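Read off the chains here:
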Amino acid sequence: MSQLHITPERLLTYQDIYTDEVLQALETLAPLNAKQKALMVERNQRRADRIANKQLLDFLPEETCIGPDHLRVADIRLGDFECSTITEDLQRQWIQGTGPAAKPNAPLESSIRNVAYALLSGADGWMFDGEDALGQINAMSLDNQRNLKLAIHKDDTFLQAAEQVAGEMNQWASDFLGRPIIADWKAQLDFTTLIFRARGLHLDDRHITMENGESFSASITDVTLFIVNNYQALQAKGASLVLYLPKIQTAQEAAFWNTILSTLEHHLGLAKGTIKCYVLVEQLEATYQLLEIRAALGLHFVGFNTGRWDYINAVADAMCGIDDFINPNIESITMTYAYMAAYEDRVRKAVNTPDQNGNYSLWQGGMEPNIPVGSEAGVKASMEKALAGAKREQAAGASGKWVAHWKMVHIIRPVWEEVGETNQLGRDFGPLTYTQADQQALIKLEDAPLTIRGGRNLLSVALQYGNAFLQGFQAAALKPADFFGNDDILYLMEDMATGEIRLSVLWEWLHKGARLTEGDEELSLNNGALFTQEIFDQMLTEEYQKLLDANDKDVHNDSKTTTLPISLEIVKTYVNSQAKGPWFIDLLNLNLNNNDLEVAKERIARYYEELTTTGHRITENIDLQPNTHINA
């Protein structure tokens with residue numbers, strides 16, 4: 001009997017994505033859904049226990065065993081594990097672009113242009129996002145898969161879009177760089193290694209449920225749809241099958257991912273380790289288990305990626321029960337900030353620890369969110385800052401980094417190109433150690449500004465991001481409302497991480513008694529003033545009004561009476577709630593395709609009631625009525 005259900009509309013409209021082969025593979029992996037649910041219950045319980053007992057994270061005991069292979073931590077730390085060699089098309093990944101393959105509410109001919117920009121950009125790799133940067137309204141996750149399949153299979157619709165896009169990109173490059181960037185657009189399409197980021201284990205799919213009505217894994221869905229629809233076409237042209245895996249918190253979770261990938265490979269008749277994966281180190285807990293995560297993923301693992309926003313958010317969340325842990329303005333928390341520098345150092349040591357065969361793994365540096373659009377002075381200053389950051393990461397040992405917009409590829413890539421090293425595999429940074437000093441370094445704060453200006457930036461962008469998400473734009477160009485119309489301050493390309501971090505830090509400031517490091521004339525506050533409920537309420541009112549008064553370019557007029565009020569309600573409830581919500585995205589997902597504020601209020605209240613009484617997160621699509629068997 002079929003284990004899964006899918007809505008009739010989706011099944012019929014996306015038969016090219018829900019093929020018989022895909023449905024059979026989903027059925028094969030469906031039994032893993034229960035294990036994933038159990039892992040998330042364990043994750044939520046660990047978090048609740050840490051908060052209740054004011055506990056700090058620490059390294060795993062050496063006697064701990066990981067996954068079904070019972071990998072022993074002590075053995076892993078001695079190098080007794082096996083990971084993947086680095087395939088030819090991953091050896092040089094100086095620049096990886098990131099972004100979704102689809103647009104919200106756009107016809108195919110327009111939506112698929114996202115893929116063309118990416119594959120013509122000149123990036124060594126492009127991580128097509130199914131997670132933080134991909135909108136989830138309507139059927140965007142399926143549109144994303146469709147566009148990728150059409151592009152990988154060189155469908156005429158994609159090729160026509162690519163030819164047009166190539167001309168537009170060359171026109172921009174001639175104006176900005178003084179030269180075209182695409183000589184032969186058809187050949188250029190095969191330059192970039194195609195990578196896909198699946199949704200994390202903490203999320204449910206919006207279109208598939210189990211037969212009993214239980215929600216179904218977004219992770220299993222995304223990986224299955226991408227790999228099954230495209231593995232033969234990718235292998236036919238000699239390309240690797242490459243994934244980015246997000247939001248892994250523990251080595252046990254990494255071992256579960258390894259089971260997902262191995263089960264899918266076995267079903268398809270692929271050799272174990274055919275599917276390669278990078279892991280985004282986005283969670284503080286994961287940083288205490290890096291080598292163990294690498295070992296747990298075994299022959300699938302090729303590298304780690306570091307970054308700022310998601311990681312800072314994870315630090316704030318993991319430390320939310322520690323009263324004296326308060327982050328400063330997030331602009332001050334760069335990759336050289338105390339706990340961030342310790343994090344980066346552990347990642348580069350972890351990938352450059354050889355496995356039992358002498359193999360190393362890759363370190364891909366963080367995201368460059370700038371877009372070279374603005375005043376001449378603004379662009380110049382931002383590009384200088386971006387280049388300085390890239391040079392620092394290259395010197396620190398990163399084999400490449402990310403950019404959030406195709407226009408940044410030819411600005412940042414020369415940093416690695418001029419050095420000329422294919423990668424930095426095996427560079428010696430010394431061994432990983434597991435001392436109390438190492439434990440403390442990963443949560444070390446340093447003196448930095450904590451100001452009303454920083455708070456306004458947090459609040460304005462959080463409100464805007466929530467609004468953009470509910471409109472289907474999980475990747476959005478944003479800046480604080482006070483800088484609308486100021487072309488010297490550039491928009492930054494942001495995804496879900498930007499909302500998560502902003503609300504986490506605001507929650508800290510309000511509930512832990514943050515004190516300002518400088519006064520504020522507008523609010524008549526002195527240096528050392530407490531960040532109070534009254535201050536937050538006044539800032540929220542003022543920043544929201546600025547968005548209502550903004551022009552359509554910065555805040556879509558049609559959102560001001562639909563999704564923006566819902567974003568306000570979510571932000572207000574999240575920050576004010578005594579119980580810190582684990583994920584901003586949970587509250588946004590509950591309100592996808594909903595423009596009714598009263599319905600939103602009921603859903604938000606229901607989420608917090610469930611969280612505070614049972615510890616359960618509501619992650620299922622509550623609008624979904626499962627009533628159709630998958631015919632597999």
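Description of the structure in this document. (Residues numbered from 1 in each chain as written. Predicted model: local features only at pLDDT ≥ 70, side-chain atom pairs only at ≥ 80, totals over all residues. Heavy atoms only, no water.)

1. Quick look at the sheet that holds strand β4 (residues 95-99)
Thought 1: Spatial ordering of the closed barrel is given by β4-β5-β6-β9-β10-β11-β12-β13, a layout of eight strands whose pairing is parallel. With strand direction ignored, the average angle separating the axes of adjacent strands in the sheet is 30°.
Thought 2: With respect to the sheet, helix α11 (residues 218-236) is in contact with β6 (193-197), β9 (241-245) and β10 (275-280), its orientation differing from that of β9 by roughly 155°. (Pairing = 2+ DSSP bridges. Helix = DSSP H or I, 4+ residues; strand = E, 2+ residues; numbered from the N terminus. Axes fitted to C-alpha atoms, helices over the stretch in contact; angles between N-to-C directions. Contact = heavy atoms within 4.5 Å.)

2. Digging into helix α8 (residues 140-152)
Given 3.6 residues per helical turn, the α-helix brings residues three or four places apart onto the same face.
Thought 1: An ideal rise of 1.5 Å per residue puts 18 Å on 13 residues; α8 measures up with 18 Å between its terminal C-alpha atoms.
Thought 2: Counting buried positions along α8 gives twelve out of 13 residues, so the element sits mostly inside the fold.
Thought 3: Those residues of α8 that fall on the buried side of the exposure criterion are Met140, Ser141, Leu142, Asn144, Gln145, Arg146, Asn147, Leu148, Lys149, Leu150, Ala151 and Ile152.
Thought 4: Looking one or two residues past α8, Lys154 carries a phi angle of roughly 55°, positive in sign. (Expected span 1.5 Å × (residues − 1). Buried < 20%, exposed > 50% of the residue type's maximum accessible area, 1.4 Å probe, protein only.)

3. A closer look at the nonpolar core
Thought 1: The biggest cluster of nonpolar side chains holds 203 residues, and the ones touching the most others in it are Leu120, Ile227, Leu243, Leu284, Phe304 and Phe531.
Thought 2: If we skip the residues at most four places from it in the chain, Phe531 touches Ile452, Leu506, Trp509, Leu510, Ala514, Phe536 and Met539.
Thought 3: Of all hydrophobic cores here, the second largest spans eleven residues; its members include Tyr244, Val302, Leu362 and Trp402. (Core = buried A, V, L, I, M, F, W, Y, C linked by side-chain atoms within 4.5 Å.)

4. Some remarks on the side chain of Asn467
Thought 1: Examined against the element boundaries, Asn467 turns out to sit in helix α21 (residues 452-470).
Thought 2: Here Asn467 falls in the buried class, since its relative accessible area comes to 7%.
Thought 3: Reaching out from Asn467, the side chain makes a polar contact with the backbone nitrogen of Leu564 at a distance of 3.0 Å.
Thought 4: Leaving out residues up to four positions away in the same chain, Asn467 has contacts with Val555, Ser559, Thr563, Leu564 and Ser567. (Polar contact = N/O pair within 3.5 Å; in protein donor to acceptor, adjacent residues only side chain to side chain.)

5. Observations concerning unusual backbone geometry
Thought 1: Backbone geometry at Lys154 places phi at a positive 55°, although glycine is not the residue there.
Thought 2: Mapped onto the fold, Lys154 is located in the loop between α8 and α9 (156-176).
Thought 3: A positive phi angle, near 60°, is found at Lys247, a position not held by glycine.
Thought 4: Turning to its location among the elements, Lys247 is positioned in the loop between β9 and α12 (251-268).

6. Looking at the packing of aromatic side chains
The description of two aromatic rings rests on the distance between their centres and on the angle between their planes.
Thought 1: The final tally for this structure, using the stated rule, is 17 aromatic pairs.
Thought 2: Consider the rings of Phe196 and Phe226, whose centres lie 4.9 Å apart with planes at 15°: the pair is stacked. Linking Phe196 in strand β6 with Phe226 in helix α11, this pair joins segments that are 30 residues apart in sequence. For the residue pair Phe196 and Phe226, the accessibility class agrees, reading buried in each case.
Thought 3: Grouping aromatic residues by their ring pairs yields a cluster made of Tyr117, Trp172, Phe176 and Trp406.
Thought 4: It is Arg77 that lies over the ring of Tyr434; its NZ or CZ is 3.8 Å from the centre. (Phe/Tyr/Trp six-rings, centres within 6.5 Å; stacked < 30°, edge-to-face > 60°. Lys NZ or Arg CZ within 6 Å of the ring centre and 35° of its normal.)

7. Some details on the side chain of Glu282
Thought 1: Mapped onto the elements of the fold, Glu282 is located in the loop between β10 and α13 (284-287).
Thought 2: For Glu282, the contacting residues outside a window of four places in its chain are Arg197, Pro246, Lys247, Asp310, Tyr311 and Ala314.

8. Overview of the pairing of strand β5 (residues 125-129)
Thought 1: In terms of burial, β5 is a largely internal element, five of the five residues being buried.
Thought 2: Across the two faces of β5 the burial is the same, with Gly125, Met127 and Asp129 and Trp126 and Phe128 all buried.
Thought 3: Pairing of β4 with β5 involves four bridges; the strand directions are parallel. When the bridges of β5 are listed, Gly97 appears paired with Trp126.

9. Observations concerning the pattern of salt bridges
Thought 1: All chains considered together, the criterion is met by 42 salt bridges.
Thought 2: A salt bridge links Asp205 to Arg199; its shortest N-O distance comes to 2.8 Å.
Thought 3: A salt bridge links Asp482 to Lys546; the shortest N-O distance between them is 2.7 Å. Residue Asp482 is found in the loop between β14 (476-478) and β15 (492-494), and its partner Lys546 is found in helix α23 (residues 533-549); the two are separated by 64 residues along the sequence.
Thought 4: Note on Asp482: relative accessible area 34%, which makes it partly exposed.
Thought 5: Put simply, Asp129, Glu131, Asp132, Arg197, Lys247, Glu282, Asp310 and Asp495 are held in one network by salt bridges that share partners. (Salt bridge = Lys/Arg side-chain N within 4 Å of Asp/Glu carboxyl O.)

10. Considerations on helix α26 (residues 597-614)
Thought 1: The first and last C-alpha atoms of α26 sit 25 Å apart over 18 residues, in line with the 26 Å expected at 1.5 Å per residue.
Thought 2: Turning to α26, its buried residues are Ala600, Arg603, Ile604, Tyr607, Tyr608 and Leu611. Projected down its long axis, α26 carries its buried residues within an arc of 130°, all on one side. Exposed positions of α26 whose direction lies more than 90 degrees from the buried face are Glu598, Glu609, Thr613 and Thr614.
Thought 3: Where α26 is buried, its residues touch α24 (563-576) and α25 (584-589).
Thought 4: Where α26 begins, the capping side chain belongs to Asp596, and its oxygen is found 2.9 Å from the backbone nitrogen of Glu598.
Thought 5: Taken from the residues just after α26, Gly615 is the one with a positive phi, measuring 80°. (Arc of directions from axis to C-beta.)

11. Comments concerning the sheet that holds strand β7 (residues 204-210)
Thought 1: The three strands lie next to each other as β1-β7-β8, forming an open sheet whose pairing is antiparallel. Of all strands in the sheet, those with a lone pairing partner are β1 (4-6) and β8 (215-217), marking the two edges. Each adjacent strand pair in this sheet contributes to an overall mean axis angle of 60°, direction not counted.
Thought 2: Examined bridge by bridge, β7 and β8 share two bridges and lie antiparallel to one another. For Asp204, the partnering residue across the bridge sits in β8 and is Ser217.
Thought 3: Most of the contacts of helix α3 (residues 32-53) go to β8, to which it runs at about 90°, and overall it touches β7 and β8.

12. So, the pairing of β7
Thought 1: Of all seven residues in β7, seven are buried, a share of seventy percent or more.
Thought 2: The pairing of β1 with β7 spans three bridges and is classified as antiparallel. The residue of β7 that forms the bridge with His5 is Thr209.
Thought 3: In this antiparallel pair of consecutive strands, β7 and β8, the connection spans four residues, and Gly213 shows a positive phi of 90°.

Everything listed is a geometric property; what it means functionally is a separate question.
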